[in-house]
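Chain and residue survey
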Amino acid sequence: MTPAMRARIEEAFGVTIAQGYGLNEIGLVAVRCGAGRYHVHVEHCWVEIVDDEGQPCAAGETGQLLVTGFRNAAMPLIRYDSGDLAIAETGPCPCGRTLPGFGAIIGRYRRYAYLPDNSMRYFRAILHALTDMPVTLCKPLRHFQLHQFRDHSFELRYLAIAALPPSFFDILRTAWEGVEPDNPLPLAFRAVDNLVQKGRKLQVFTSDFAPVSDNP
Ligand SMILES: [Zn+2]
């Protein structure tokens, strides 16, 4: 679940989402508290957020999430690389819980490791613009997918059940150009009837730079 999805669901239903993080190999690893930190079930497993050299990340840094499980005898690997990237957190959590934890889960490492600089900043600009946009403007929107081409240009594919107003595109364009105001990367909009999907998950960001195995 992206931060944008969480914000929209919590606003629409007036409830807080308690989000878990787990791996098939380990089971449930951590649960996200109201302060936004994932508290680790240390009776069950141990989590480390490390840099490319395997050293612990400082608070606020993004690193690879390693898990050591204590209870699955069929999973004896120590410091198992989950393949996910997350933000390291240290010190007391505002929620009062004392279990160690980590911050936001950024996503799969292999999907982000090969992207050109600033790719995720552009993606987040679109996400934030959609999140903050008045619902009246984006009401017909059902799905979207930002795709990055090999020439560094992007295309926002969208599926809408009615015409979207010009201000919808103006807001996205303004957010996009705010990433690198002097020389923003090209962005095109394209209405589609359906979007490429991998398994049951719709990818909201796809890239020609990602490994082939990760593309739908
Ligand atoms: Zn907390």
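About the thresholds
- Residues numbered from 1 in each chain as written.
- Predicted model: local features only at pLDDT ≥ 70, side-chain atom pairs only at ≥ 80, totals over all residues.
- Heavy atoms only, no water.
- Donors = N, O, S within 2.8 Å, 3.2 Å for Na, K, Ca; no water.
- Tetrahedral: all angles 85-135°; square planar, octahedral: opposite > 155°, others 65-115°.
- Helix = DSSP H or I, 4+ residues; strand = E, 2+ residues; numbered from the N terminus.
- Expected span 1.5 Å × (residues − 1).
- Buried < 20%, exposed > 50% of the residue type's maximum accessible area, 1.4 Å probe, protein only.
- Core = buried A, V, L, I, M, F, W, Y, C linked by side-chain atoms within 4.5 Å.
- Contact = heavy atoms within 4.5 Å.
- Domains from an automatic or database assignment.
- Pairing = 2+ DSSP bridges.
- Axes fitted to C-alpha atoms, helices over the stretch in contact; angles between N-to-C directions.
- Left-handed = near helix turned anticlockwise from the far one by under 90°.
- Nonpolar A, V, L, I, M, F, W, Y, C, P; charged D, E, K, R; others polar.

Remarks on the coordination of the zinc ion
The coordination sphere of the zinc ion, as far as protein atoms go, consists of Cys33 (SG), His39 (NE2), Cys93 (SG) and Cys95 (SG), spread over 2.0 to 2.3 Å. Around the zinc ion sit 4 donor atoms, and with donor-metal-donor angles ranging over 104 to 113 degrees the site reads as tetrahedral. Sequence positions of the residues that donate to the zinc ion give the spacing C-x5-H-x53-C-x1-C. Residue histidine 39 is found in strand β3 (residues 38-40), and its partner cysteine 95 is found in the loop between β6 (80-88) and β7 (101-108); the two are separated by 56 residues along the sequence.

Side note on helix α3 (residues 119-132)
With 14 residues, α3 should cover 20 Å at 1.5 Å per step; its first-to-last C-alpha distance of 20 Å lies within 8% of that length. Among all positions of α3, only Ser119, Met120, Tyr122, Phe123, Ala125, Ile126, Leu127, Ala129 and Leu130 are buried.

What to know about the nonpolar core
Within the largest apolar cluster, 31 residues are counted, with the highest numbers of intra-cluster contacts made by Leu130, Leu146, Phe168 and Leu172. Contributing elements (two or more residues each) for this core: α3, α4 (135-138), β8 (141-148), β9 (154-160) and α5 (166-177). With 8 residues, the top contributor of residues to this core is α3. When sequence neighbours within four positions are dropped, the list of residues in contact with leucine 130 reads Arg8, Leu141, Phe144, Phe168 and Leu172. Grouped together as the second largest cluster of nonpolar side chains are 17 residues, Leu23, Ile26, Ala30 and Cys45 included.

Looking at the domain arrangement of the protein chain
Taken domain by domain, the protein chain holds domain 1 (3-108) and domain 2 (119-214). Look at where the C-alpha atoms of domain 1 and domain 2 centre, and you get two points 27 Å apart.

Side note on the sheet that holds strand β5 (residues 62-69)
Taken in spatial order, the 7 strands of this open sheet run β1-β2-β3-β7-β6-β5-β4, and their pairing is antiparallel. Edge positions in the open sheet fall to β1 (20-23) and β4 (45-50), since each of these has one partner strand only. If you compare each strand with its neighbour and ignore which way they point, the axes differ by 45 degrees on average. By the bridge criterion, 2 bridges tie β3 to β7 in an arrangement that is antiparallel. Paired with tyrosine 38 across the bridge in β7 is phenylalanine 102.

Let's talk about the sheet that holds strand β13 (residues 205-207)
Taken together, the 4 strands give an open sheet; going across it, the order is β10-β9-β8-β13, and neighbouring strands pair in mixed fashion. Two strands lie at the open edges of the sheet, namely β10 (187-191) and β13, each paired on one side alone. Put simply, the sheet's adjacent strands are angled 20 degrees from each other on average, direction ignored. Where β8 meets β9, 7 bridges bridge the pair, whose relative direction is antiparallel. Along β9, the bridge assignment pairs histidine 147 with glutamate 155. Sheet contacts for α3: β8, β9, β10 and β13; angle to β8, the most-contacted strand, approximately 165 degrees. Along the sheet face, α5 touches β8, β9 and β10 and points at about 150 degrees away from the line of β10.

Considering the packing of α3 against α5
Two elements in contact, α3 and α5, have axes separated by 9 Å at closest approach and are oriented at 140 degrees. Of the two possible hands of crossing, α3 and α5 adopt the one that is right-handed. Between α3 and α5, the residues in contact are Tyr122, Ala125, Ile126, Ala129 and Leu130 and Phe168, Ile171, Leu172, Ala175 and Trp176, respectively. Of the residues in the contact of α3 with α5, the class split is 10 nonpolar, no polar and no charged.

What to know about the pairing of β6
For β6, the tally of buried residues reaches 7 of 9 residues, placing the bulk of the element in the interior. Relative to β6, β5 runs antiparallel, the two sharing 5 bridges. Within β6, the residue paired with threonine 62 across the bridge is isoleucine 87. Where β6 and β7 come together, 4 bridges link them in antiparallel fashion. Within β7, the residue paired with aspartate 84 across the bridge is arginine 108.

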